[in-house]
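So the chains spell out like this:
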Amino acid sequence: MLATTCVVTAQSKTDVWLEQLIRQQASPFLKDMLNQPDTFHCQFIYTKIDRDKNNQPHFTNYYYRVNRTEYFNPASMVKLPTALLALEKINTLSKYGINKYTTMLTDSAYSRQTKVKYDSSAANLLPSVAHYVKKIFLVSDNDAYNRLYEFVGQQTLNERLWQMGYIDIRITRRFVTMNEDENRHTNPLRFMQGDSLLYLQYAAYNPVPFNFKRKLLIGRAHYNRQDSLIRKPMDFTTHNNFPLEDMQQILQTVLFPNSVPEKKRFRLQPEDYAFLHRYMSELPSESNCPHYDTTEFFDSYTKFFMFKAWRSKIPSHIRIFNKTGWSYGFLTDVAYIVDFKNKIEFMVSGNIYVNSDGVLNDDKYEYEETGYPFFKEVGNIIYQYELKRKRKYVPDLSAFQFDYRN
């Protein structure tokens, strides 16, 4: 086995063993990217999973250029903790006869807030926390995230994550044009059973200050909201922040809650975990409600590792439980990959920046030609390693098998 020395350079972590594994198998295309860290800023984590005789999983993380202080825009990755905290919060309302399937109507009470009275993608045409969570994991729906952000509230969203030990996470905004003050205000909500009001949640405001002391400037130029070219870097100082290590830990927490300290677990019920695992892994073509046009939302639409490049077909014996994010030239995927036929499982988490002209908000990013092929190759190298490595105990993976037809 190769050496497992971990090298820490300029606050980044790299395991020599992982770097050698990737470089020994890398194509010239991938090697070129790895040799330009100041251009692509790629970082990834490979999480090896070994089961004991009782089928309990044990995790070992290997790092490549992982750096909590090297900013990347997390984009839709913030939907992951927002969805989890929405499910956590809905459980606190059970005394009112409310669960995740209860109709949730959104009202407005502040500048730029909007109302939601129905959801055309739902079977009953009514919005609910459950349906929003489904859409977040099936196709990374932005409106679903906005509504759960409003339900949880900006203050609770951040303070709960900080309480759990994720002190570097910062979720400051919806995915709609609003200023900092507007994002601090969240909508009033009503939970309904038919025409009967079960619970009213009042409009909220977050008075807690964020730490914006560190200036975060990206690129050489950007387009502003008026589509004017500004020949200065784009300022991400007040944007969302979510380090890759925290993403990996939160995904592990959702999939294997008993593997992390109790402080880091979300307050979810067994049925919540089953619900999440299904929709983290279900493909758009398998979803009847919501129903998706699979020419746009093809099966690997949110499966970057191994499959999104060139719309590669996902074999029926492989399932990916994950969350992805893409924006401003940044691509991120945090995934748990299971091969039921070959009895292998592993996690892989990664991020890359693909914006060769250095201009942000111009919608000219090299996602297709550079970003997705990067994820495909790195994922395949680790998958091929997993196929060959010996395990003392063959894992029982039946807990992650679902009937997606129901």
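Residues numbered from 1 in each chain as written. Predicted model: local features only at pLDDT ≥ 70, side-chain atom pairs only at ≥ 80, totals over all residues. Heavy atoms only, no water.

**Student:** Can you help me understand the overall build of the chain in this one?
**Tutor:** Secondary structure summary: the chain contains twelve helices and 17 strands in total. Taken over the C-alpha trace, the chain has a radius of gyration of 21 Å; the compact-globule value for 406 residues is 22 Å, and the two agree within 12%. Taken along the three principal axes of its C-alpha coordinates, the chain extends 65 × 55 × 40 Å. Taking all 406 residues of the chain together, the buried fraction comes to 57%. Residue pairs in contact within the chain that sit at least 24 positions apart in sequence constitute 66% of those at least 6 positions apart. Accessible area of the chain: about 17900 Å², with a carbon and sulfur share of 49%. (Helix = DSSP H or I, 4+ residues; strand = E, 2+ residues; numbered from the N terminus. Rg over C-alpha atoms; globule rule 2.2 N^0.38 Å. Buried < 20%, exposed > 50% of the residue type's maximum accessible area, 1.4 Å probe, protein only. Contact = heavy atoms within 4.5 Å. Areas by Shrake-Rupley, 256 points an atom, 1.4 Å probe, with all protein chains shown as cover.)

**Student:** I keep staring at the sheet that holds strand β5 (residues 103-106) and nothing clicks. Help me out?
**Tutor:** Backbone-to-backbone hydrogen bonds join strands into a sheet, with any given pair of strands oriented parallel or antiparallel. Strand order in the open sheet formed by three strands is β5-β7-β8, with antiparallel pairing between adjacent strands. Of all strands in the sheet, those bounded by a partner on one side alone are β5 and β8 (196-201). Going across the sheet, the axis of each strand differs from the next one's by a mean of 25°, ignoring polarity. Bridge count between β5 and strand β7 (residues 189-193): four bridges; the pairing is antiparallel. Looking at β7, one finds that Thr106 is bridged to Leu189. (Pairing = 2+ DSSP bridges. Axes fitted to C-alpha atoms, helices over the stretch in contact; angles between N-to-C directions.)

**Student:** What is the right way to look at helix α1 (residues 16-25) in this model?
**Tutor:** In an α-helix, one turn spans 3.6 residues; hence positions three or four apart end up facing the same way. Those residues of α1 lying buried are Trp17, Leu18, Leu21 and Ile22. With its buried residues spanning 130° around the axis, α1 presents them on a single face. Residues of α1 that are buried in the fold lie against β2 (12-15), α2 (28-34), β3 (43-51), β4 (57-64) and α12 (367-388). (Arc of directions from axis to C-beta.)

**Student:** Looking at this structure, how should I read the packing of α1 against α12?
**Tutor:** Between two packed helices, what matters for the description is the angle formed by their axes and the separation of those axes. Packing of α1 against α12 brings their axes to within 10 Å, and their N-to-C directions diverge by 105°. By the criterion of interaxial angle, the relationship of α1 to α12 is roughly perpendicular. Residues Trp17, Leu21, Ile22 and Gln25 of α1 lie in contact with α12, whose contacting residues are Glu377, Val378, Ile381, Ile382 and Tyr385. Residues of the contact of α1 with α12, tallied by class, amount to seven nonpolar, one polar and one charged. (Parallel < 35°, antiparallel > 145°, perpendicular 65-115°, else oblique. Nonpolar A, V, L, I, M, F, W, Y, C, P; charged D, E, K, R; others polar.)

**Student:** Help me understand the nonpolar core, please; the structure alone is not making it clear to me.
**Tutor:** Soluble globular proteins: nonpolar side chains tend toward being buried together. Of all hydrophobic cores here, the largest spans 117 residues; its most connected members are Phe151 and Tyr336. The leading source of residues in this core is α12, at nine residues. (Core = buried A, V, L, I, M, F, W, Y, C linked by side-chain atoms within 4.5 Å.)

**Student:** Please explain the packing of aromatic side chains as it appears in this structure.
**Tutor:** Aromatic ring pairs are reported here in terms of the distance separating the ring centres and the angle at which the planes meet. In this structure the tally under the stated criterion is 37 aromatic pairs. Ring centres of Tyr46 and Phe346 lie 6.5 Å apart, and the angle between their planes is 70°; this geometry places the pair in the edge-to-face category. Within this pair, whereas Tyr46 is found in strand β3, its partner Phe346 is found in strand β16 (residues 344-353), the two being separated by 300 residues in sequence. The same class applies to Tyr46 as to Phe346, namely buried. Here Lys264 stacks its cationic end above the ring of Tyr166, 4.0 Å away from the centre of that ring. (Phe/Tyr/Trp six-rings, centres within 6.5 Å; stacked < 30°, edge-to-face > 60°. Lys NZ or Arg CZ within 6 Å of the ring centre and 35° of its normal.)

**Student:** Would you explain the sheet that holds β3 in this entry?
**Tutor:** Spatially, the five strands line up as an open sheet ordered β4-β3-β16-β15-β14, and their pairing is antiparallel. Among the strands making up the open sheet, the edge pair consists of β4 and β14 (318-327). Sheet twist, expressed as the mean angle between neighbouring strand axes with direction ignored, is 10°. Sheet analysis places β14 next to strand β15 (residues 330-339), joined by ten bridges and oriented antiparallel. Paired with Lys323 across the two strands is Val334, which belongs to β15. In this fold α1 packs onto β3 and β4, with an angle of close to 70° to the strand it touches most, β4.

**Student:** Looking at this model, I keep getting lost on the side chain of Asn183. Mind explaining?
**Tutor:** On the secondary structure map, Asn183 appears in helix α8 (residues 180-184). The residues contacting Asn183, other than those within four sequence positions of it, are Tyr149, Gln154, Thr172, Arg173, Arg174 and Met178.

**Student:** Just to check I follow, could you spell out a nonpolar patch on the surface for this structure?
**Tutor:** Residues Leu197, Leu200 and Tyr202 make up a contiguous nonpolar surface patch of roughly 330 Å² in combined accessible area. As for its placement among the helices and strands, Leu197 is situated in strand β8. (Patch = residues over 30% accessible without salt bridge, like charges linked within 9 Å, V, L, I, M, F, W, Y side chains within 5 Å. Salt bridge = Lys/Arg side-chain N within 4 Å of Asp/Glu carboxyl O.)

**Student:** Looking at this model, I keep getting lost on unusual backbone geometry. Mind explaining?
**Tutor:** The phi torsion of most residues other than glycine is negative, and most of the peptide bonds are trans. Residue Pro290 is reached from Cys289 by a cis peptide bond, and omega for that bond is 5°. Take Pro290: it is sitting in the loop between α10 (270-281) and α11 (304-308). One non-glycine residue with positive phi stands out, namely Arg65, at about 55°. Along the chain, Arg65 falls in the loop between β4 and α4 (79-91).

**Student:** I tried to follow the pairing of β7 on my own but got confused; where do I start?
**Tutor:** Here is the key point about a regular strand: its side chains alternate between the two faces of the sheet. Looking at chain direction, β7 and β8 are connected through five bridges and run antiparallel. When the bridges of β8 are listed, Gln193 appears paired with Ser196. Hairpin connection between β7 and β8: a loop of two residues separates the two successive antiparallel strands, and Gly194 in this loop has a positive phi of roughly 65°.

**Student:** What's the story with the environment of Asp50 in this structure? I'm lost.
**Tutor:** Mapped onto the elements of the fold, Asp50 is located in strand β3. On the basis of relative accessibility, which here comes to 27%, the residue Asp50 falls in the partly exposed class. C-alpha of Asp50 to C-alpha of Gly358: the two residues are 308 residues apart in sequence and 42 Å apart in space. The contacts of Asp50, once residues within four sequence positions are left out, are Gln56, Pro57, His58, Arg389 and Arg391. In this structure the side chain of Asp50 is engaged in a polar contact, spanning 2.8 Å, whose partner is the side chain of Arg389. (Polar contact = N/O pair within 3.5 Å; in protein donor to acceptor, adjacent residues only side chain to side chain.)

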